[in-house]
Every structure is written in C-alpha cells, then in structure tokens.
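The residues making up each chain are set out below.
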Amino acid sequence: MQAHVSIILPVHNAEPWLDECLRSVLQQDFEGTMELSVFNDASKDKSGAIIEKWRVKLEDSGVHVIIGGHDSLSPRGVGYSKNQAVAQSSGSYLCFLDSDDVMMPQRVRLQHQAAVQHPSSIVGCRVRRDPPNSTERYTRWINQLTPEQLLTQVFTANGPTVIMPTWFCSRAWFSHVGPFDEGGQGVPEDLLFFYEHLRKGGGVVRVDQSLLLYRYHPRAATHSVLETTIWTHRVRFLEEQALPRWAAFTIWNAGKQGRRLYRSLTAASQRKVVAFCDFCACPQVVAFCDVDENKIRKGFYCHEDSQERPKPRIPILHFRAARPPFVICVKLACGSPTRATLSVPLFQKHAHSTSPRLLVVILAIPQTVIVCVTVTCSVTTISGRP
C-alpha cells in the first residue's frame with residue numbers, strides 16, 4: 001500500500017547519531033501511513049547494523065522500512081543517495097532527514113498539513129542548533145526570515161532560505177523539479193535543486209515551530225562545499241534572475257567585495273555596471289558606491305585582468321551622486337563595526353550597531369539587490385532581493 005509520507009534518509013558513516021535519528025522517526029505523532037526509505041552510501045562503520053536493529057522496531061510500530069545501498073570503496077555522494085532513497089520509496093509526500101539530525105514528534109504531521117495546502121512549495125521549519133552556540137547568526141537568520149523574505153532573500157547563505165534537512169514536499173512536485181545533482185562531494189546539490197525549484201515557479205513555506213535538532217560538527221557534508229563554489233552559483237543565479245531586468249546598474253561598495261562581485265560577473269553583465277558608489281565624511285563627487293574617501297578621490301576602478309582594450313574603468317561615486325538600480329555588496333564581521341554598519345547613515349545619520357537590521361532597511365529601496373557577503377565564524381552568506 002502506498003504511504004502518505006516517505007521519510008528520505010541518506011546515510012554515510014552516521015554511527016554516532018543514527019540511533020537518536022531513527023528514534024525520532026519512531027516517535028512521530030503523524031496518524032497517516034508513513035514509511036522510512038534509507039539509502040546506505042558505502043558506510044564503513046556500524047550504520048548498517050543500527051539500521052537493521054531499528055527496522056524491527058519501526059515495522060512493529062507500523063512504519064514500513066525500505067533499505068537500499070551499496071558497499072563500494074567510496075561513497076557516491078549525498079545527491080545520489082537522496083535520489084536513490086526517493087526512487088525506492090512510494091509516499092505521496094517526501095520528508096527529508098539527515099542522519100545526524102533529530103525530528104521533533106510533530107514534524108511530519110505539521111509539515112504534511114502545510115504541504116497539502118501548498119502543493120508546489122518546499123515546506124521547511126525552524127530549527128534548534130546543536131551545539132546551541134554554533135553558527136548563531138546563521139541560525140537566527142534561518143529562523144527569523146519573514147514569509148516574504150523566504151523568497152526575497154533567495155540569493156542568500158550557504159544554501160536555501162529553508163535549509164535542506166527541514167524540506168518537505170509532494171512527490172509530484174519533486175519529480176517536476178528534480179532530481180538532485182549527483183556530482184558528489186563538493187557539489188551544493190540542495191542549492192542547485194532550490195534554484196531549479198524557483199525557476200519553475202515553486203513557493204517557499206516555513207512552519208514556524210522548531211521541528212528539528214540541527215547538528216553542527218566537523219564531519220557534516222556541508223563542509224565539503226567550498227565557499228567559492230557557492231559564490232559562483234549565487235552570482236550566476238543573480239545574473240539570471242535579477243540583472244536581465246536592468247539595462248545598467250551601480251555596485252554599492254568599491255572595496256574588496258564589490259570588486260569581487262564585478263570580476264565574477266560575465267562580460268555582458270560587467271558592461272552594465274555604470275559606477276561603483278560610496279560615501280565619506282566630506283563628499284567629493286567624482287564619478288562603485290563605498291565608504292572609503294581614498295577610493296572616491298581616486299575616481300575609478302580599473303579592471304586590470306580584463307581582456308578588453310582599453311581596460312574598463314568604472315567610475316567611483318559618492319552615494320549622493322549614485323542612481324539606482326543598485327547591487328549592494330557588503331561584508332559583515334562578528335563583533336566589530338563593518339562597512340555594512342557604515343552604510344546605515346544613508347538612512348540614519350548616526351548608527352553604530354552591527355545588527356542585521358541593515359538588510360531590512362536597504363531592502364526597502366526600490367530597484368535594489370543586496371549581495372551581502374556575511375562571514376560569521378565558519379558560515380558565509382549572501383542575501384538578496386530582486
């Protein structure tokens with residue numbers, strides 16, 4: 001018999017966490033039919049034995065268990081494992097779970113209710129981080145985004161606005177969007193799927209309860225994805241989704257991050273950049289948007305690596321002389337004043353807070369995209385609004 005919900009669980013060397021993870025499956029209070037689809041991706045520890053132990057307990061409680069996998073020398077990767085677990089399952093709805101995380105008892109019930117109401121959406125939830133003080137700013141961000149920001153900040157973070165271990169969606173919609181990229185280690189398969197989901201008009205919904213214990217540890221698969229890889233995908237999505245609307249635009253910040261964004265753009269997008277802009281205590285309008293008086297006095301940024309001749313020279317303007325549309329590119333640092341903080345005087349003459357409220361203020365500007373590179377300990381994020 002077809003299950004209402006399939007819990008999709010890829011496993012690779014998850015022995016330290018697997019008992020607690022599988023216990024949380026057993027403790028779900030969902031009253032519909034539920035199955036667990038596990039794919040063991042070449043685990044070399046005792047994960048296989050733990051899965052078999054819990055198969056008996058789960059099936060005795062009415063949860064059908066499907067186990068697939070392989071014992072090759074090397075794992076095939078998270079994307080491959082998720083695709084295999086989905087393929088061998090039967091549920092009308094898919095609940096994704098990582099083997100090092102723990103579901104709260106009401107997760108499947110509440111997310112199923114939301115998914116029924118939003119058949120073309122990815123449904124996420126709030127999370128509780130373990131250890132509690134790990135990635136504090138990132139955790140606060142994913143838990144506090146408003147319903148509107150779940151879509152308006154899709155150029156963000158090391159992944160989607162609802163994190164992959166909380167995803168819940170219909171099988172029909174997954175089949176319409178998917179499958180996951182199977183490139184293996186180093187590929188952000190969740191981000192690529194999320195972007196494709198948005199391209200096809202999918203929605204993003206979050207159940208505003210903490211339904212998952214989301215673990216942070218050195219062996220997490222997310223650490224295999226380089227920041228530069230994620231940056232490249234985010235910039236390409238920005239170029240695809242936002243920049244075609246504009247004939248020209250200004251990059252706010254003539255510093256390192258603004259120049260990095262400019263250099264990362266395709267030649268066609270670079271040609272749309274009319275200026276960088278900035279501000280300083282004593283405005284000197286000379287022609288990027290930044291906070292450094294010396295940059296403004298220089299008057300231009302020369303792209304030395306360009307193959308074009310003559311090499312492009314992009315004017316650097318004081319912010320009062322700049323005109324929208326803007327791409328705002330700033331870097332935030334933990335515990336100290338930043339360029340993002342210094343941008344606030346555009347709206348408030350004196351501001352010394354490093355809180356993320358800057359994003360809220362700047363997001364209110366018409367015709368603005370935020371590309372905010374935020375370094376918070378080991379987490380780097382980009383935020384944006386098309």
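All figures in this text were calculated on a predicted structure; none of them were measured in a lab.

Asks: Whenever I open this one, the environment of Gly91 confuses me. Can you help?
Replies: Considering the arrangement of structural elements, one finds Gly91 in the loop between helix 3 (78–87) and strand 4 (93–96). On the basis of relative accessibility, which here comes to 0%, the residue Gly91 falls in the buried class. Spatially, the C-alpha atoms of Gly91 and Val5 are 4.6 Å apart, while their sequence positions differ by 86 residues. Look past the residues within four positions of Gly91 in its chain and what remains in contact with it is Gln2, Ala3, His4, Val5, Ser6, Glu35 and Arg171.

Asks: I tried to follow the nonpolar core on my own but got confused; where do I start?
Replies: Most often, soluble globular proteins have nonpolar side chains that are buried together. Counting 88 residues, the largest nonpolar core has Ile7, Leu9, Leu36, Phe96, Val108, Trp167 and Leu261 as the members making the most contacts within it. A total of six residues in this core trace back to one element, the largest contributor, which is strand 8 (residues 203–215). With eight residues, the next largest nonpolar core counts Cys277, Leu317, Phe326 and Ile328 among its residues.

Asks: Looking at this structure, how should I read the pairing of strand 9 (residues 249–252)?
Replies: Within a regular strand, side chains alternate between the sheet's two faces. Side chains of strand 9 alternate between two faces, with Phe249 and Ile251 and Thr250 and Trp252 buried alike. Bridge count for strand 9 against strand 13 (residues 326–328) is three bridges, and the pairing is parallel. Bridge pairing links Trp252 to Ile328 in strand 13.

About the cut-offs
- Residues numbered from 1 in each chain as written.
- Predicted model: local features only at pLDDT ≥ 70, side-chain atom pairs only at ≥ 80, totals over all residues.
- Heavy atoms only, no water.
- Helix = DSSP H or I, 4+ residues; strand = E, 2+ residues; numbered from the N terminus.
- Buried < 20%, exposed > 50% of the residue type's maximum accessible area, 1.4 Å probe, protein only.
- Contact = heavy atoms within 4.5 Å.
- Core = buried A, V, L, I, M, F, W, Y, C linked by side-chain atoms within 4.5 Å.
- Pairing = 2+ DSSP bridges.

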